[in-house]
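So the chains spell out like this:
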Amino acid sequence: LAGAQADVNPDDVASVLWKYFTEISSNAKESVDQLQQAEITKQLNTLLQSNLQNVNSYAEDLQRRLVPFATELQARLVQDSQRLKEQIRQELAELHTKLAPYAKEVHQQIDSNIHQLKAQMSPYAEELRSRVDHGAEELRRVLEQQVAELRGRLQNNAESVQASLSPYADRLQQQIDGGVESLKEQLTPLADQLKVQVEQSVAELRRGLSPYAQDVQDGLNRQLESLTVQMERAAEELRTRLAAKSEELRAQLSPLAQELRQVASSDAESLQQRLAPLAQQLDERVEQTLEAFRQQAAPFGEAFGQQLVERLQEMQDKLESGTAGMEDHLGLLEKEVREKVAAFLSTAQPPEN
C-alpha cells in the first residue's frame, strides 16, 4: 500500500487536467457542461489504472476523490482565468510606467542578460552535440560488430546459419535496445542541468532589475515567474524531444532484427539467397539511420538556447510596450494547476500498512 502513492506522478495528473482545460476552452459552454464530467473522469481513470499497479483501498479512494477535485478545479479555472488575465495586464501597465524613467538602464540590463545567457548556453549545446555523436558512434560500433559476426557465419553451411540466426537476431535486438537506453541516459541529465541554469539566469536578471522596480516588485516578480515557467517548459520540451528522437531511432533499427527473424524461418534452399543481400545492406542501413539521428538531434541544443533568448527578448518588448502576452496568462495558470494538483495528492496519503 505504501508504494501505491509513489506510482501517481502529480505532473502526469496535472498534464491531463491542463490538456483537457486547453482543449475545452475553445468549445461552446453547453458542450463543456455536457462533456466535462464524463470525459475528464475517463481520462483520469485511464491514467490511474495505468499507473497504480496494485488495486487497493487507496487506489479506489484516490479515484473517487480526484475526479470531483478535478471538475471543481476546472470550474474555478474558467473564473480565475479572466481575473488573472486582467491582473497581469494591470501589473504590466503599472510596471511599464514605473520603469519608464529607467528605460535605457533596463534595456541594457536585459541585453546584458541575453548576451550572458547566449554564452552560458553555448557549452551546453556543444555538450549535447558531443553526447549525441558519442552515443551514436558507440551504438554504430556495437552493431557493426554484430554485422561482422553475421558475415562470418555466412561462411558456414546454410543449416548451421539457420540454427543460429534466431538467437543472433535476438541478440541484435538486445544490442539496439541497450544502445538506445544508454543514449537516453547520456542525454536526459542535460535537461535537468539546463533547468538549473535557467533558474540562475532569471535570478541574475531579478537582481539586475530590482533597483529600478522597488515600488512594483510584485509586478516584476510575476513577469519573471512567467518567464521562468516558459523557460522551464522549454527545458521539458527538450527532454521530451530527445527521448522521442531516441525512441524513433529504436523504431528505425529494430526492423533489422525482425527481418533476420523472418529470414531464419525460410527453408534452407532460399536462406542463403535472402540472407546474403541483407547482410550486405545492414552496414549501410545502420550508418544511414545513425547519421540521420545525428543530423536531427545534435542541433537541439542550439535551438533550445535560441528559444530562451527569444523569451528574454519578448519580456524586454513587454516591459517597453506595457502589453502582456497570452503566454504570461497561460503559463501562470498552468503553474497554478500543477501546484494545486501536487498539494491535493500530498494530502491523499495511503494508509499505513
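- Going by what an unreviewed UniProt entry lists, the protein is known as Apolipoprotein A-IV and is assigned to Hemiprocne comata.
- Within the UniProt record for the protein, the comment given under Subcellular location (unreviewed entry) is "Secreted".

1. Concerning the overall build of the protein
Moving on, step 1. Per the secondary structure count, the protein includes 9 helices and 0 strands.
Moving on, step 2. Across the 353 residues of the protein, 43% fall into the buried class.
Moving on, step 3. Of the contacts made within the protein by residues no fewer than 6 positions apart, 87% connect residues no fewer than 24 positions apart.
Moving on, step 4. Of the accessible surface of the protein, which amounts to about 17900 Å², a share of 48% is contributed by carbon and sulfur atoms.

2. Here's the deal with the UniProt feature "coiled-coil region" (unreviewed entry) in the protein
Moving on, step 1. According to UniProt, the "coiled-coil region" (unreviewed entry) feature falls on residues 70–98, 125–160 and 217–248.
Moving on, step 2. Between the end C-alpha atoms of residues 70–98 the distance is 39 Å, and the span holds 100% helix and 0% strand.
Moving on, step 3. Segment residues 217–248 splits into 100% helix and 0% strand. End C-alpha atoms: 46 Å apart.

3. Considerations on the pattern of salt bridges
Moving on, step 1. As enumerated under the stated definition, the model contains 27 salt bridges in all.
Moving on, step 2. Measuring nitrogen to oxygen at the nearest pair gives 3.3 Å for the salt bridge that ties glutamate 137 to arginine 294. With a gap of 157 residues between them, glutamate 137 in helix H4 (residues 103–153) and arginine 294 in helix H7 (residues 268–297) connect regions that are remote in the sequence.
Moving on, step 3. Of the residues examined, glutamate 137 reaches a relative accessible area of 33% and is grouped as partly exposed.
Moving on, step 4. Taking the relative accessible area as the measure of exposure, arginine 294 reaches 13% and is therefore buried.
Moving on, step 5. The partner of glutamate 287 in a salt bridge is arginine 140, and the shortest N-O contact between them spans 4.0 Å. With glutamate 287 in helix H7 and arginine 140 in helix H4, this pair connects stretches of sequence that are 147 residues apart.
Moving on, step 6. Its relative accessible area of 32% is what places glutamate 287 among the partly exposed residues.

4. So, helix H8 (residues 300–321)
Moving on, step 1. Its 22 residues give H8 an end-to-end C-alpha distance of 31 Å, which sits within 8% of 32 Å, the value for a rise of 1.5 Å per residue.
Moving on, step 2. Inspection of H8 places Phe300, Gly301, Phe304, Gly305, Leu308, Val309, Arg311, Leu312, Met315, Gln316, Lys318 and Leu319 among the buried residues, and these make up the whole buried set.
Moving on, step 3. Downstream of H8 by one or two residues, glycine 322 has phi in the positive range, about 75 degrees.

5. Some points on the side chain of glutamine 146
Moving on, step 1. Inspection of the secondary structure assignment puts glutamine 146 in helix H4.
Moving on, step 2. The exposure class of glutamine 146 is buried, given its relative accessible area of 7%.
Moving on, step 3. Beyond its immediate chain neighbours, meaning those up to four positions away, glutamine 146 contacts Tyr168, Arg171, Leu172 and Gln175.

6. Let's talk about the nonpolar core
Moving on, step 1. In terms of nonpolar packing, the biggest core is built from 60 residues, with Leu260 and Leu319 touching the most fellow members.
Moving on, step 2. Those elements that place two or more of their residues in this core are helix H3 (57–99), H4, helix H5 (158–209), helix H6 (217–264), H7 and H8.
Moving on, step 3. The residues touching leucine 319, leaving out its near neighbours within four places in the chain, are Leu92, Leu95, His96, Leu99, Val106, Ile110 and Leu209.
Moving on, step 4. In this structure, Leu44, Phe69, Leu77 and Ile88 belong to the second largest nonpolar core, which totals 23 residues.

7. Thoughts on the packing of aromatic side chains
Aromatic rings in a pair are described by how distant their centres are and how their planes are angled relative to each other.
Moving on, step 1. Under the definition given, this model contains 2 aromatic pairs.
Moving on, step 2. Considering the side-chain rings of phenylalanine 69 and phenylalanine 344, the 4.3 Å spacing of their centres and the 10 degrees angle between planes classify their relative orientation as stacked. Here phenylalanine 69, found in helix H3, pairs with phenylalanine 344, found in helix H9 (residues 326–347); they are 275 residues apart in sequence, far enough to count as distant.
Moving on, step 3. Owing to a relative accessible area of 11%, phenylalanine 344 belongs among the buried residues under this scheme.
Moving on, step 4. Aromatic side chains tyrosine 102 and tyrosine 212 sit 5.5 Å apart centroid to centroid with 40 degrees between the ring planes, which places their arrangement in the tilted category. Of the two residues, tyrosine 102 is situated in the loop between H3 and H4 and tyrosine 212 in the loop between H5 and H6; the sequence distance between them amounts to 110 residues.
Moving on, step 5. Residue classification places tyrosine 102 among the partly exposed residues on the basis of a relative accessible area of 35%.
Moving on, step 6. When the ring centre of phenylalanine 300 is taken as origin, the NZ or CZ atom of arginine 241, which lies over that ring, is 3.8 Å away.

8. Describing the environment of lysine 118
Moving on, step 1. Mapped onto the elements of the fold, lysine 118 is located in helix H4.
Moving on, step 2. Taking the C-alpha atoms as reference points, lysine 118 and glutamate 302, 184 residues apart in sequence, are found 9.6 Å from one another.

9. With respect to the environment of glutamate 327
Moving on, step 1. Residue position: glutamate 327 is located in helix H9.
Moving on, step 2. Taking the C-alpha atoms as reference points, glutamate 327 and valine 229, 98 residues apart in sequence, are found 9.5 Å from one another.

10. Observations concerning H9
Moving on, step 1. Taking 1.5 Å as the rise per residue, H9 with 22 residues should run 32 Å; its terminal C-alpha atoms sit 32 Å apart, in good agreement.
Moving on, step 2. What H9 keeps buried is the set Asp328, His329, Gly331, Leu332, Leu333, Glu334, Glu336, Val337, Val341, Phe344 and Leu345.

11. Concerning the confidence of the model for the protein
Moving on, step 1. The predicted model of the protein has a mean per-residue pLDDT of 80, with 81% of residues at 70 or higher.
Moving on, step 2. In this model, residues 1–6 is a region of pLDDT below 50 whose contacts with residues beyond four sequence positions or in other chains number 12 contacts.
Moving on, step 3. Predicted confidence for residues 28–32 stays below pLDDT 50, and this span has 2 contacts to residues more than four positions away or in other chains.

Quick notes on the rules
Each chain has its residues counted from 1, following the order in which its sequence is written. Local features in a predicted model are, by the rule used here, given only for residues with pLDDT of at least 70; side-chain atom pairs are given and counted only at 80 or more, and totals for whole chains, interfaces and linings are based on all residues. To obtain the side-chain values, all non-hydrogen atoms of the structure were included, while hydrogens and water were left out. UniProt positions are given in the numbering used here, feature names are shortened, and annotations may be inferred rather than shown by experiment. We count a stretch as a helix when DSSP gives it H or I for four or more residues in a row; a strand needs E for two or more, and each element gets its number in order from the N terminus. For every residue, the accessible area obtained with a 1.4 Å probe (protein chains only) is divided by the maximum for its type, and the residue is called buried under 20%, exposed over 50%, and partly exposed between those limits. Residues are treated as being in contact if the distance between any of their heavy atoms lies within 4.5 Å. Accessible areas in this description were obtained via Shrake-Rupley with a 1.4 Å probe; residue shielding takes into account the shown protein chains only. The rule for a salt bridge is simple: a side-chain nitrogen of Lys or Arg has to be within 4 Å of a carboxyl oxygen of Asp or Glu. Expected helix span is computed as 1.5 Å times (number of residues minus one). As used in this record, nonpolar core signifies buried Ala, Val, Leu, Ile, Met, Phe, Trp, Tyr and Cys residues forming a set joined through side-chain atoms within 4.5 Å. Note on aromatic pairs: the rings of Phe, Tyr and Trp (six-membered ring only in Trp) are paired at centre separations within 6.5 Å, and the planes decide the class, stacked below 30 degrees, edge-to-face beyond 60, tilted for the rest. Two thresholds decide whether a charge sits over a ring: the Lys NZ or Arg CZ must be within 6 Å of the ring centre and within 35 degrees of the ring normal. You can read pLDDT as the predictor saying how much it trusts each residue, on a scale of 0 to 100.

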